[in-house]
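Observations on the model geometry
Chain residues, written in single-letter form:
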Amino acid sequence: MEEIKLMKGNEAFAEAVIREGVDAYFGYPITPQSEVIEYLMLEEPYKRTGMVVLQAESEIGAIHMVYGAAGAGKKAVTSSSSPGISLKQEGISYMAGSELPCVMLNVVRGGPGLGTIQPSQADYFQTVKGGGHGDYKLIVLAPASVQEMADFVEDGFKMAFKYRTPVMLLSDGLIGQMMEKVQLKPQKARLSNEEIREKYGSWATIGHKPEERTIITSLELKSERQEKHNHKLQAKYREIEKKEVRLEKFNCENADYLLVAYGSSARICQKTIQLGKEKGINIGLIRPITLWPFPSDEINKAADKVKGVLSVELSAGQMVDDVRLAVNGKVPVEHYGRFGGMIHSPDEVLEALEKNFIK
Amino acid sequence: MSENITPEEIIKKGTLVFEKTKLMTDAHLSYCPGCGHGVAHRITMEVLEEMGVGDQAIGIAPVGCSVLAYDFMNIDMQQAAHGRAPAVATGIKRLYPEKYVFTYQGDGDLAAIGTNETIHACNRGENIVIIFVNNGIYGMTGGQMAPTTLEGMVSSTSPYGRDLGMTGHPIKITEMLAMLPGVCYATRHAVHKPGLVRKTKKAIKKAFENQRDKKGTSIIEIVSNCNSGWKMTPVKSNEWLEENMLPVFPLGDIKG
Amino acid sequence: MAKIKGAIVVDTERCKGCNLCVVACPTDVIALNKLVNGKGFNPAFPENHGACIACMSCSLVCPDMCITVYRYKPQKETV
């Protein structure tokens, strides 16, 4: 049954994880996302669906538990915040290399180092450009509401299993901590071991006779075979780039200036559009929902009609690199954003736009 | 006359009493001549075969010489990042409590980079088997010092012998793990002599029976040789093992 | 009492000539061949095969699973 509730973003994510029929959550507490594991422990999903919830000894332990479970064909989830996600990079790279599906959540806080517990979008490079070692990509979804914190669990798992690849939800402390109305999906049943054998038995380690046995590994000592494997990964990434780009457009018809912003920053920019209107400045906004694959084509097309593009991020300027590549020199592209846990106001964004392109 | 039966006739008429288990692949092992890994692999697979649970077993290969264990152990296997095998095993076993899950780890993997994962898997009493091969050195990377390297023992990163003041003592991780309530069985064995191989196999069988009976974590340490790393012939390295390794890592049950 | 007799078959191409079976054998059945195998190792072979008692010591310590062991127990002869 669908249900409407008032929840924190972190809680909505946790509840959606249960309702998705996820088999296991492995995590380690860190602010500002500890509500995820706290909610799960309180809800006791092992009684509701048989789902396993385990507090690991570290983020490293947690991601490798996800690796083990995913390698055995199960739906596994982990979540953390920036410093914890840095620790998880080892396992993330292994999962990408071994082609294992999972959904992860990063509720980003300000860095570098221990940084601050306040919201930030400074993990864009880490998430979109690699993070761990080797040539790999994560599918990255950027929720901008509590509703999307819940919805992207299902969307994430669809893509994770379709492409056998890890999916990251790149959120931040603002979306994770704020409370909003959320419509929760009905409870899905977890797959039985027999269903898993039927669907994923050809690759998952679920126990086989020697002649049918399966191996999960990212190791290939023969370079010619490693290159072949990497080509296979790259072909998969090209397919994802073709099929899975998602974005949202606001006021892009007849806009003179374009903002590009994701997650919480995109919410702030919606107000900037209104403030611009009051001043007679026609501003459009493109919100990438998938940060990888990045909506480069749409941004490139939109650049034809505007005088300038402003990438608005809670960082010193990271996504702006991808916006510049997308715009490809058609019009000036600039960055604006507060960072280190500070959040820009809609006025500050408008002021930055005027300063860069109008005054 | 049966007394004069030829070997050829024995092979024809006699009973087959020992052959390679079907749970080992036909691939030639990548280990150095005389390396104990081969025996440790084989008896682990023999136990699973004798228990009839090969198709219900999932093994975790570590980083180290046995990184390619999945090429030889003819069952479902996952390869884990360095030291993380107990966490990977946790992820599998929690979701498949009826399967037989084991890690196969070396001393660098288990007793250095993987201490956190190992200690906490044991402390939670994860119902898994840990096969821990201790040869006092990092074999795969070319003979560097391990946490278990003996005092004064030469390695490529302790070229003048391990200096305890500089790098600490050979770690007795199995004794440490035995202290944890989650561990039901901790024992140390060796595989360089026929009788010891039999005993080690018995211990591995007991460990998997513990898992079947949901008793908690079982850890089987196997003190083994590394003739390449130690720069000795296989026979000489086994003698050296008896004279030098066993006084520091004495054989026998530590718990259970 | 008729004595148990044994015989072994060595997979010469798997063998790495580590010599552990030679040392383990209580009846000195095995030796290393002077001729090398395809890998360049001197493989084990039953030089003194008649002395084999099928005790399996060689196969137990062989790290490369090269040795298969057969056992033969002669029946008591009736007069």
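This is a predicted model, so every value here is computed, not measured.

A few words on the interface of chain B and chain A. On the side of chain A, 37 residues touch chain B, which itself brings 38 residues to the contact. Carbon and sulfur atoms make up 57% of the area that chain B and chain A hide from each other, which totals about 2900 Å². If you sort the residues of chain B by the area they bury against chain A, Asp76, Leu95 and Tyr96 of chain B come out on top, with a joint share of 23%. In terms of residues, the side of chain B that touches chain A owes the most to one element, helix α4 (residues 85–95) of chain B, which gives 7 residues. Looking at the side of chain B that touches chain A residue by residue, the class counts come to 17 nonpolar, 11 polar and 10 charged.

The structure contains 2 pairs of chains in contact, of which chains A and B account for the largest number of contacts. The smallest C-alpha distance separating chain A from chain C is 18 Å, and no contact links them.

Strand order in the open sheet formed by 8 strands is β9(A)-β3(B)-β2(B)-β4(B)-β5(B)-β9(B)-β8(B)-β10(B), with mixed pairing between adjacent strands. Since the sheet does not close on itself, it has two edges, and those belong to β9 (215–216) of chain A together with β10 (252–255) of chain B, each with one partner. One ladder, built from 7 bridges, connects strand β8 (residues 183–190) of chain B with strand β9 (residues 217–223) of chain B; its direction is parallel. Across the sheet, Val183 of chain B pairs through a bridge with Thr217 of chain B, a residue of β9 of chain B. Contacts from α4 of chain B reach β2 (57–61), β3 (76–79) and β4 (100–106) of chain B, with the element oriented near 175° to β4 of chain B.

Judged by nonpolar contacts, the single largest core of 123 residues is most densely connected at Phe13, Phe26, Leu291, Val309 and Val323 of chain A. The leading source of residues in this core is helix α7 (residues 146–163) of chain A, at 10 residues. In contact with Leu291 of chain A, not counting residues within four places along its chain, are Tyr124, Val128, Val140, Ala142, Leu170, Tyr262 and Met319 of chain A. One finds Met24, Ala69, Tyr100 and Val133 of chain B within the second-largest nonpolar core, a separate group that totals 45 residues.

With that settled, the discussion passes to the side chain of Ser265 of chain A. Residues and elements named next belong to chain A. Along the chain, Ser265 turns up in helix α11 (residues 263–278). A polar contact of 3.0 Å, which involves the side chain of Ser265, links it to the side chain of His344. Each residue touching Ser265, except ones within four places of it in the same chain, is listed here: Gln121, Val312, Glu313 and His344.

Turning next to the domain arrangement of chain A. Residues and elements named next belong to chain A. What the domain assignment lists for chain A is domain 1 (3–193) and domain 2 (247–358). The distance between the C-alpha centroids of domain 1 and domain 2 comes to 27 Å. Each partner contributes residues to the interface: domain 1 has 29 residues there, and domain 2 has 24 residues. Here domain 1 meets domain 2 over a buried area of about 2200 Å², counting both sides, of which 57% is carbon and sulfur. When the buried area of domain 1 at its contact with domain 2 is split by residue, Gln121, Tyr124 and Phe125 rank highest and sum to 31% of it.

Contact residues are listed per partner, giving 38 residues for chain B and 36 residues for chain C. At the boundary of chain B with chain C, the tally comes to 0 salt bridges. Our count for the chain B to chain C interface comes out at 12 residue pairs in polar contact (both at pLDDT 80 or more). Summarising the sheet, strand β1 (residues 15–18) of chain B and strand β4 (residues 67–72) of chain C pair through 3 bridges and their orientation is antiparallel. Paired with Thr15 of chain B across the two strands is Arg71 of chain C, which belongs to β4 of chain C.

Here we come to helix α10 (residues 223–243) of chain A. All names here are of chain A. In this model α10 runs 30 Å from its N-terminal to its C-terminal C-alpha over 21 residues, within 8% of the 30 Å that 1.5 Å per residue would give. All buried positions along α10 are accounted for by Leu233, Lys236, Tyr237 and Ile240. All buried residues of α10 project into a common sector of 100° when viewed along the axis, lining one side. Of the exposed residues in α10, those oriented more than 90 degrees away from the buried face are Glu224, Lys228, His231 and Lys242.

The subject of this paragraph is the environment of Gly130 of chain A. Residue and element names in this part refer to chain A. Residue position: Gly130 is located in the loop between α6 (124–128) and β6 (139–141). Overall, the relative accessible area of 6% leaves Gly130 in the buried class. Along the backbone, Gly130 and Pro210 are 80 residues apart, and their C-alpha atoms lie at a distance of 36 Å. Here Gly130 is in contact with Gln89, Phe125 and Tyr136, once residues within four sequence places are set aside.

With that out of the way, let us pick up the packing of aromatic side chains. To describe a pair of aromatic rings, one takes the distance between the centres and the angle between the planes. Under the criterion given, the structure shown has 10 aromatic pairs over all chains. On the numbers, 5.7 Å between centres and 85° between planes, the contact of Tyr237 of chain A with Trp292 of chain A is edge-to-face. Taken together, the residues Tyr237 of chain A in helix α10 and Trp292 of chain A in strand β13 (residues 290–292) connect sequence positions 55 residues apart. Following the ring pairs from residue to residue traces out a cluster consisting of Phe157, Phe161, Tyr200 and Trp203 of chain A. Its guanidinium or amino end placed over the ring of Tyr96 of chain B, Lys74 of chain A lies 4.6 Å from that ring's centre, counting from NZ or CZ. One cation-aromatic arrangement involves Lys206 of chain B over Tyr185 of chain B; the distance from NZ or CZ to the ring centre is 4.2 Å.

On to unusual backbone geometry. Residue and element names in this part refer to chain A. Across the junction of Gly111 and Pro112, the peptide omega takes the value 0°, indicating a cis bond. With respect to the secondary-structure elements, Pro112 resides in the loop between β5 (102–108) and α6. Here Trp292 and Pro293 are connected by a cis peptide whose omega angle stands at 0°. Positionally, Pro293 belongs in the loop between β13 and α12 (296–303).

Let us look at the sheet that holds strand β7 (residues 166–172) of chain A. With respect to topology, 7 strands assemble into an open sheet ordered β3-β2-β4-β5-β7-β6-β13 (chain A), the strand pairing being mixed. Looking at the sheet topology across the chains shown, the edges are occupied by β3 (52–55) and β13 of chain A. Strand-to-strand twist in this sheet, taken as the mean axis angle between neighbours without regard to direction, amounts to 20°. Across 3 bridges, the pairing between β6 of chain A and β7 of chain A is parallel. The partner of Leu141 of chain A across the bridge, within β7 of chain A, is Leu169 of chain A. Across the face of the sheet, α4 of chain B comes into contact with β2 (24–27) and β3 of chain A while running at roughly 150° to β3 of chain A.

The rules behind each value
- Sequence order sets the numbering: in each chain, residues are counted from 1 along the sequence as written.
- Here chains are named by letter from A upward and ligands by number from 1 upward, in the order in which they appear as written.
- Totals for whole chains, interfaces and linings use every residue, but because this is a predicted model, local features are given only for residues with pLDDT of at least 70 and side-chain atom pairs only at 80 or more, for both listing and counting.
- Just so you know, side-chain values use all the structure's heavy atoms and leave hydrogens and water out.
- Here, two residues are considered to be in contact whenever any of their heavy atoms come within 4.5 Å of each other.
- The term buried area denotes the loss of accessible surface (1.4 Å probe radius) that occurs when two parts are joined, taken as the sum for both partners.
- A helix here means a DSSP run of H or I that spans at least four residues, while a strand means a run of E at least two residues long, and both kinds are numbered starting from the N terminus.
- Classes in brief: Ala, Val, Leu, Ile, Met, Phe, Trp, Tyr, Cys and Pro nonpolar; Asp, Glu, Lys and Arg charged; the others, Gly included, polar.
- A pair of strands is considered paired only if DSSP assigns at least 2 bridges between the two.
- Axis lines are fitted through C-alpha atoms, for helices just across the contact stretch, and the angle between N-to-C directions can take any value from 0 to 180 degrees.
- Residues enter a nonpolar core if they are buried and are Ala, Val, Leu, Ile, Met, Phe, Trp, Tyr or Cys, with the set joined through side-chain atoms within 4.5 Å.
- Burial here depends on accessible area, computed with a 1.4 Å probe over protein chains only, as a share of the maximum for the residue type. Under 20% is buried, over 50% is exposed, and the range in between is partly exposed.
- A 3.5 Å cut-off defines polar contacts: any pair of N or O atoms within that distance qualifies, except that in protein one atom must be a possible hydrogen donor and the other a possible acceptor, and neighbouring residues in sequence count only when both atoms are side-chain atoms.
- Domain limits in this description derive from either an automatic procedure or a database domain assignment.
- Within this document, salt bridges are pairs made up of a side-chain nitrogen of Lys or Arg and a carboxyl oxygen of Asp or Glu, the two lying within 4 Å of each other.
- Multiplying 1.5 Å by the residue count of a helix minus one yields the expected span of that helix.
- Of all possible arcs, the one meant is that of the directions from the helix axis to the C-beta atoms.
- Classification of ring pairs rests on two measures: the distance between centres of Phe, Tyr or Trp rings, Trp counted by its six-membered ring, which must be within 6.5 Å, and the angle between planes, read as stacked under 30 degrees, edge-to-face over 60 and tilted in between.
- For a Lys NZ or an Arg CZ to count as sitting over a ring, it must be within 6 Å of the ring centre and within 35 degrees of the ring normal.

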